[in-house]
Structures are given as structure tokens and as C-alpha cells.
Amino acid sequence: MVVFVNRAKVSTATAGTGTITLGGALGGFQTFGGAGLADGDVVRYVIEDGSSAFEIGTGTYTASGTTLTRSVIESSNAGSAINLSGAAVVFVTATAADFLSPKQVDAFSDLAGIVPNNVAVGGYVTVRSLGAVYQRVASGGDLDYTGSGGVEFDVLTRNLKALGAVGDGSTDDTDAILAFLRNGGGFVPDGTYVCGAVSISNSFEVIGTRAAIIKWADSTGTDDMWSVSGLVQTIVRGITIDCNTAGNPDTTGYYAAVDATPSVGSSLTFDKVSFINGRIIDVRVTGPTGAGEVVGLRVENCVFSGGILSSNSSTRGPRCVSASEGVDLIAVNNSFSCDAADGSTTFGRGGVIHQRPAGSTSAAWGSFYAAGNKFTNIGKAPDQLGCLYSYSGARSVTFIGNTAISPYGATFTAKADAQSCIITGNTVIGQRYSQSSAFVLFGQGDTYTTTSGHTVLFSSNIVDGAEGNAFNIDGLRQGGALAKFKTVVFADNVATNCLRAFRLQDLENFKASGTVATDCQVFCFATDELDGHIEFINSTVLGTTTTGFNFAVTDASTADLVIDGMRVELLSAVFLTTDETFKSISVSRLNIGGASSLFSTNGTEGKLSFRDSEVRGVAVGSGFSAMTGTYGSIEWRGNRGLTRPLSLSVLSVASGAITVTMGSHKVGGEGGVTDTLDTINGGDEGDFVTLYGTSNTAIVTVSGGGNLYPAGGVSFALDSTRDTITFMRRDAHWAEISRATNGS
């Protein structure tokens, strides 16, 4: 048994081809004895003499006299001992013979001289022995080579070729592969192994390199390649699976290279596997359906490439990985790519799909976690099978740090019946298909699910180029009587060069903050019903060419629209258009430049509040130039760059009081007759309000007695449309600042 020590390197003055006498240690190194060698230890050595002469071998160290014998393995002298000059260097090292790999040990006899008795071995060792039995040595186990009589091992394993597989790319190796898998799998040597349909109901582990290829046989018809069932713990690692699209030009059905219907408690792992030439599905796992029942599927560090295009997938939904409800799906650090599409509306195939079949009565729920995956040319439209797609199969959905380049259809999609939905740090570049979106969150009217009460977080996602929407949030999507999403929070997302930054539909409570949108046709487009609070906070919109906010909703009468702290450069666009009534619209701290006008409204809005904003590039007085419809009240305070609304709202005195909502109002008597005003409600500390008369017949006399303090306690009659009186609010009272009698 060879012994290894660290940094043992010495000079030798020995000349010739015999045993050498070891000299002193070189700078920074140790003598052989100083490094820990004992008398009689066998070492691997290397001798270097001059610039080109070398010798590799095995030698026995003698402590007395400090000598080393020489048994040559390889040398610059055609495998013989080199003739030393007297000024050589010798050191202890490991050689290639000291390392075992599955490919190096392929026959029983290969162990002779390589693996001596009682050596702790970790990893895989393949040995051809009696009955073509192959064995695996567990980490830390003992390998006891006893000569030609046999080998003792701790844990059993197998080599595929030992079971008769040829691996030449043409021979049918199905029977050998079936025996291999049913006996627990093992190591797959390099080669291409043709495999037809096999069924396995036991656990197995398959390990190999990318040059070890399992190729789906030609013309396999309606069969899957590997069908896995039962209670299994399955691992496939390192190999290549060729799904052989060219050899299976089928146009109907759903077939998978690996199709699993495991029992509760099972797990399947695919690690560093390369799937090429995808057919319909590479990996499909159908989970259990009982309440609380689940199986695990983990796909990591895998590569999925190639795959069918529109010519033979137009009626199906091909995908790389497919999981049903009842599956806890983890997809991490994988790469997915498909050939470029042909430009039609039916493109390639989806990426990772977690889907409950429509109309399912299953009580099972799984989870879907995807992180660090990269997708190129993945997705299929109009079926909307994107890169990551969760359709009512998962109670929790988490997409983190995934990247999609030139995807088709709906890129990252989640059906929000998940109790937890977190989509953060993802990037979409160049989304294609105008009728879809880069990010989609939706609910759908099916009997087996509800969207009520769920909170969703989208944060720090980037969309750079989308023919459709950057973010599409659809509470119902189609049909059903489902409750709308309760809370949807968007934070720090970016959309550029998109048709729309946001598309909203059937929502109840939505908040977007820190959003940046550049060069989109529309910042926010909304249809159908909106309820609760719809908020856009601290966002930036640059270069919108059509409109800022376009609310083409059928009903928003219970919705409060809040826009606060937004910077907008709309160029030639209208800032906000609405077709239906909002309960209220509040715009504050808006910094806007280049808009053609601010508002174009067709509904009967409840209340408009426009405060503390600066408008640049809008003509003075044009703030409401495009406005139609009416408002219950208007609050207009602290704005710069434009005048008050062209038409002042008229407040009617009721029981001596009015409620102000903006900086100036016309005041009329209750019932259109003469009246007295002594109380003003509303307003904040320090606010100013100017009151105007409405006519010289319905005179309103402003007097003290309530919370009004006319100058010197003298009442003032607003008996003309030109008469004005101005108050400032202080300590809940309104003190007169000025009055003007300007005639009738």
C-alpha cells in the first residue's frame, strides 16, 4: 500500500540507475523523514534531472541511510530507469494509477495492483465479477481484494454494459436497460443506448456523464420511454437523455421520456441531466390526489435543448417538465432552450409547468419553487404555456432570479389560488406575442379553486421589451363567480419598450410602488371591475406615447384610485382617461411634463383630489380641457404650473354650513334662495379658500357665529358673481384675509 505525505522534496547526488541516496530538502519543502515517512514505507515518487529527463515509479524508503529504491512506472527513457547525473531532484506525489474512476475499473482483473487489501474507498467502483455482478463501495467502506477468489463490498451497484447493453447508437438496448433499472440502476459508461418503453416500480439511481446517452427509440408510438410507479426514491444524475424528435414525428398524444405516477412519499431527482431533441414532454410527474398527499420532484443543474415546433405541436401543449397537483416541484439552476420559432402563432414548447387539470376534484396541493433558471426561445402561444407556469396546482408559488430571453406567450405565470405567491428578481428580455404578457397573475372560474383572500408580491422584476404587457393581473380571467384578489403588491419593478406596463382586470386592492416604465405605449390599462384601493406610489413613467392611465373599466364605483409621488414624462399623451365612475380619484405629488392634457373622463366620478403637484408642458388653464363627465366634489390645492379648474363647483349652504374641497368655490343659498353662511367644514390648518357669489338674487351673507371670523365681525354679502371673500384656516377656525365688492 502506497503512503502519501505532504511537501517531501529533496535533492540527490546519486548517479546511475540504481537505488538513490536522499539528500537535503529543497527550500520550502521537507525531507522524506521530516514529512512523516517511516522505515519500509512504499511511496510514489517522481525524479527530475535537468530540463527533460524524468522518472515516475514506486519506491521503498529506508530510514537508515535515507535511501529509496526505484521501480519504474513511466520515464523519459522509454519506461526504464533514467541515468542520473548526480544533480537530480526527487519528490513524493500521487500518480494517475492512484485514482479510481468508473471508466478505469471495468473488469475484475483490473483491480490487481491498483486496489490492495483494506483500502477506504469513496464514490463508485465498478467490478465485473461472478454472474456479472457489479458492486458499489460506500464512502468510508472497506474494499477487500482477496485475489481471483472474489471481492467483498459494502453496497451493491451495477454497470449497464455488464447487463448486455452495447451502446453503439443502433443496437436496441431496451432489455438491458430494463434489467439495469429494475435492479436499482448504477453507472452508465459512455455510449449511446437505444431504449424503447420500459416500466419500473422500484427505486433506482442512474449516474454517468454527458457522453452516456439514453436515446428514445424510433417510432415508439403512444408509449412513454421510462414509466415509473409505486413508492420510489429515484435519482438520475449526469447522463444525457435524447428524446429523439426526428425519429418520432408524431402529431397527437402526450408522451414523456420519463413519466412517473409515484405513490405518496416518493421523490424523484434529476441532477446535471441533459435532455436533447425534446418530443412532447421530457419529464412528467403525476402526483396523488388525496388531501395532504404529496410527492417530490427536484430538477437542478439540468439542460433542456431542442424540441418540437409548431408543425407537430399545434393541438398540444408540449413542455420540458410537467407536474400535476400533489407534487412539490423544485426547479433550480436549469437551462432551457428551443429552436427559433417559425413566426406563426403556434411556437415551440413550454418550460416548467405545474398544472391541475381543468375540472379536477383532487384535494391535493403541492408547491412550486423555481430559482436561477434560464430560458431561451421557450414558450408556446396562443396556449400561453410560458417558461414557468403555475396553474392551480400549488398552494405556494415562488419564482426567484429566473431569466427568459425571447420567450413566447405568457413568460412567468401564476394562477393565484396559491396561499403564497412571491415573484421576485426575475428578468424577461424580448417577450413575443402581442396578446400575452411577460408576467401574468390570474384567477379562473373553476369549481375546484378560489382566489379569495390571497396576497401576492411581485418585486424587483425587469421586463426589457414586450410585444404584449409587462405585467398582467387578471382577477378572473374567464367565467366563474370567484372573489377577486384581495391584495396584490408590486414593488420596484421595471418595464421598458412594452405595449403596456400594467394591465389590470377584476381586482380588489392593488398597490404598485417604485415602478419604472419607459417607452411603453400605455403605463396602465384596466378593464372590467376594480374594487377597493388601486394605488400607484413613487413611480416613474418616461416616454409613454398613447396614455398614462387608461381605465376602460365596466365598473369602478367602489374603487379608490390613488396616484402619489409619480414622475411622468408623457410626451404627447393624456395622463389619465376613464370611461366609468370611480368612488374617488386622488392625485398628489405628481411631477408631469409634456402631456397633451391631464384628464379625459367620461364617468360621474365621486371625488377628485389633485394636490401638491407640478405640471410642465401643459398649457395654463388646460388641466381639464379634455374633461367630460361630472364630479361630486373637486379638491384642488397646492398645485403649480396650471390654473384652477375652468368651472368652479357650486356649494349650497345647508344649515348655515358648507364643506370645502378646493381653494375656491361658488356659494349658493340652500334651495337657490338667499341664505346665511357661518360655518366652513373641511380643509387643513393653513389652507386658504376663496368664496364667490352665484347671482344677485340668491344672496349668501357670510357672518360670524360658527367657526367663521369676518374682519371686525362685519358680515359680507356675496350678492354678485364678482364678489369674493377669502379665509385662512387656523386652529379649526376660518379668519378673513380679504374681501372685494366688485359690483353686479
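Residues numbered from 1 in each chain as written. Predicted model: local features only at pLDDT ≥ 70, side-chain atom pairs only at ≥ 80, totals over all residues. Heavy atoms only, no water.

Q: Help me understand the overall build of the protein, please; the structure alone is not making it clear to me.
A: Secondary structure summary: the protein contains 1 helix and 69 strands in total. Sorting the 744 residues of the protein into buried and exposed places 53% on the buried side. If you take every contact in the protein between residues at least 6 apart in sequence, the share linking residues at least 24 apart comes to 67%. Of the roughly 27,900 Å² of accessible surface on the protein, a fraction of 50% belongs to carbon and sulfur atoms. (Helix = DSSP H or I, 4+ residues; strand = E, 2+ residues; numbered from the N terminus. Buried < 20%, exposed > 50% of the residue type's maximum accessible area, 1.4 Å probe, protein only. Contact = heavy atoms within 4.5 Å. Areas by Shrake-Rupley, 256 points an atom, 1.4 Å probe, with all protein chains shown as cover.)

Q: Would you mind showing me how to read the pairing of strand S37 (residues 394-400) here?
A: The side chains of a regular strand alternate between the sheet's two faces. Sheet topology places strand S34 (residues 366-371) next to S37; 6 bridges connect them, and they run parallel. Within S37, the residue paired with Tyr-369 across the bridge is Thr-398. Both S37 and strand S40 (residues 420-424) contribute to a ladder of 5 bridges, which runs parallel. Across the sheet, Ser-396 pairs through a bridge with Ser-420, a residue of S40. (Pairing = 2+ DSSP bridges.)

Q: Any chance you could explain the packing of aromatic side chains here in plain terms?
A: Two measures describe an aromatic ring pair: the distance that separates the ring centres and the angle between the ring planes. This model, assessed by the stated rule, comprises 26 aromatic pairs. Where Phe-368 meets Phe-399, the ring centres are 5.1 Å apart and the plane angle is 80 degrees; that geometry is what we call edge-to-face. Within this pair, whereas Phe-368 is found in strand S34, its partner Phe-399 is found in strand S37, the two being separated by 31 residues in sequence. The class of Phe-368 is buried, set by a relative accessible area of 1%. (Phe/Tyr/Trp six-rings, centres within 6.5 Å; stacked < 30°, edge-to-face > 60°.)

Q: Before we go on, may I ask you to explain unusual backbone geometry in this structure?
A: Backbone geometry follows two general trends: most residues other than glycine have a negative phi, and most peptide bonds adopt the trans configuration. The phi dihedral of Thr-66 is positive, around 45 degrees, even though this residue is not glycine. Along the chain, the position of Thr-66 falls in the loop between strand S5 (53-62) and strand S6 (67-68). Classification of Thr-66 by relative accessible area gives partly exposed; the value is 30%. In this structure, Tyr-433 is a non-glycine residue whose phi angle is positive, near 100 degrees. You can see Tyr-433 is positioned in the loop between strand S41 (427-431) and strand S42 (437-442).

Q: Is there a simple way to think about the nonpolar core in this case?
A: Grouped together as the largest cluster of nonpolar side chains are 117 residues, with contacts concentrated most on Trp-226 and Phe-502. The element that contributes the greatest number of residues to this core is strand S46 (residues 494-513), accounting for 8 residues. If we skip the residues at most four places from it in the chain, Trp-226 touches Ile-177, Leu-181, Cys-195, Val-198, Ile-200, Phe-204, Ile-214, Val-236, Ala-257, Val-258 and Asp-259. Formed by 18 residues, the second largest nonpolar core is a distinct cluster that contains Ala-35, Val-43, Tyr-45 and Tyr-61. (Core = buried A, V, L, I, M, F, W, Y, C linked by side-chain atoms within 4.5 Å.)

Q: How do you make sense of the sheet that holds strand S67 (residues 716-718) when you look at a structure like this?
A: Within a sheet, each strand pairs with its neighbour through backbone hydrogen bonds, oriented either parallel or antiparallel. Reading across the sheet, the 3 strands line up as S62-S65-S67 and stay open at both edges, with mixed pairing between neighbours. Both edges of this open sheet fall to strand S62 (675-677) and S67, since each of them pairs with a single strand only. Strand after strand, the sheet turns through a mean of 30 degrees between neighbouring axes, direction not considered. Bridge count for strand S65 (residues 700-702) against S67 is 3 bridges, and the pairing is antiparallel. By the bridge assignment, Thr-701 is partnered in S67 with Ala-717. (Axes fitted to C-alpha atoms, helices over the stretch in contact; angles between N-to-C directions.)

Q: Would you explain helix H1 (residues 174-182) in this entry?
A: Note that an α-helix has 3.6 residues per turn; residues three or four places apart therefore point the same way. Burial in H1 covers these residues: Thr-174, Ala-176, Ile-177, Phe-180 and Leu-181. Along the long axis of H1, the arc covered by the buried residues comes to 160 degrees, so they all point the same way. Immediately downstream of H1, the backbone of Gly-184 shows phi near 100 degrees, a positive value. (Arc of directions from axis to C-beta.)

Q: Can you help me understand the side chain of Asn-469 in this one?
A: Along the polypeptide, Asn-469 turns up in strand S44 (residues 462-474). A polar contact of 3.1 Å, which involves the side chain of Asn-469, links it to the side chain of Ser-437. Setting aside anything within four residues of it in sequence, one finds Asn-469 in contact with Ser-436, Ser-437, Ala-438, Arg-500 and Arg-503. (Polar contact = N/O pair within 3.5 Å; in protein donor to acceptor, adjacent residues only side chain to side chain.)

Q: Just to check I follow, could you spell out the environment of Tyr-61 for this structure?
A: With respect to the helices and strands, Tyr-61 occurs in strand S5. Spatially, the C-alpha atom of Tyr-61 lies 5.3 Å from that of Gly-40, the residues being 21 residues apart in sequence. Contact partners of Tyr-61, with chain neighbours within four places excluded, come to Leu-22, Phe-32, Gly-33, Leu-37, Ala-38, Asp-39, Gly-40, Asp-41, Thr-66, Thr-67 and Leu-68. One polar contact links the side chain of Tyr-61 to the main-chain amide nitrogen of Gly-33, over a distance of 3.5 Å.

Q: I'm lost on the pattern of salt bridges in this one. Help?
A: Should their charged atoms come close, side chains of opposite charge can pair. Going through the model one piece at a time under the given rule, you end up with 10 salt bridges. The partner of Arg-237 in a salt bridge is Glu-205, and the shortest N-O contact between them spans 3.7 Å. Residue Arg-237 is found in strand S22 (residues 233-237), and its partner Glu-205 is found in strand S19 (residues 204-208); the two are separated by 32 residues along the sequence. Overall, the relative accessible area of 28% leaves Arg-237 in the partly exposed class. Put simply, Glu-205, Arg-237, Asp-271 and Lys-272 are held in one network by salt bridges that share partners. (Salt bridge = Lys/Arg side-chain N within 4 Å of Asp/Glu carboxyl O.)

Q: Where do I start with the environment of Val-5 in this structure?
A: Within the secondary structure, Val-5 is located in the segment before strand S1 (9-12). Each C-alpha atom, one on Val-5 and one on Leu-37, is 7.2 Å from the other, the two residues being 32 residues apart in sequence. Each residue touching Val-5, except ones within four places of it in the same chain, is listed here: Ala-35, Gly-36, Leu-37 and Val-92.

Q: Sorry, what's going on with the confidence of the model for the protein here?
A: For any part of a model where pLDDT is low, the fine detail of the predicted coordinates should not be relied upon. Of the residues in the protein, 78% have a pLDDT of 70 or more, and the chain-wide mean is 79. A low-confidence stretch, residues 478-483 (pLDDT under 50), is modelled with 14 contacts involving residues beyond four sequence positions or located in other chains. Low pLDDT, under 50, characterises residues 619-627; the predicted model gives this stretch 19 contacts beyond four residues in sequence or across chains. (pLDDT = per-residue confidence, 0-100.)

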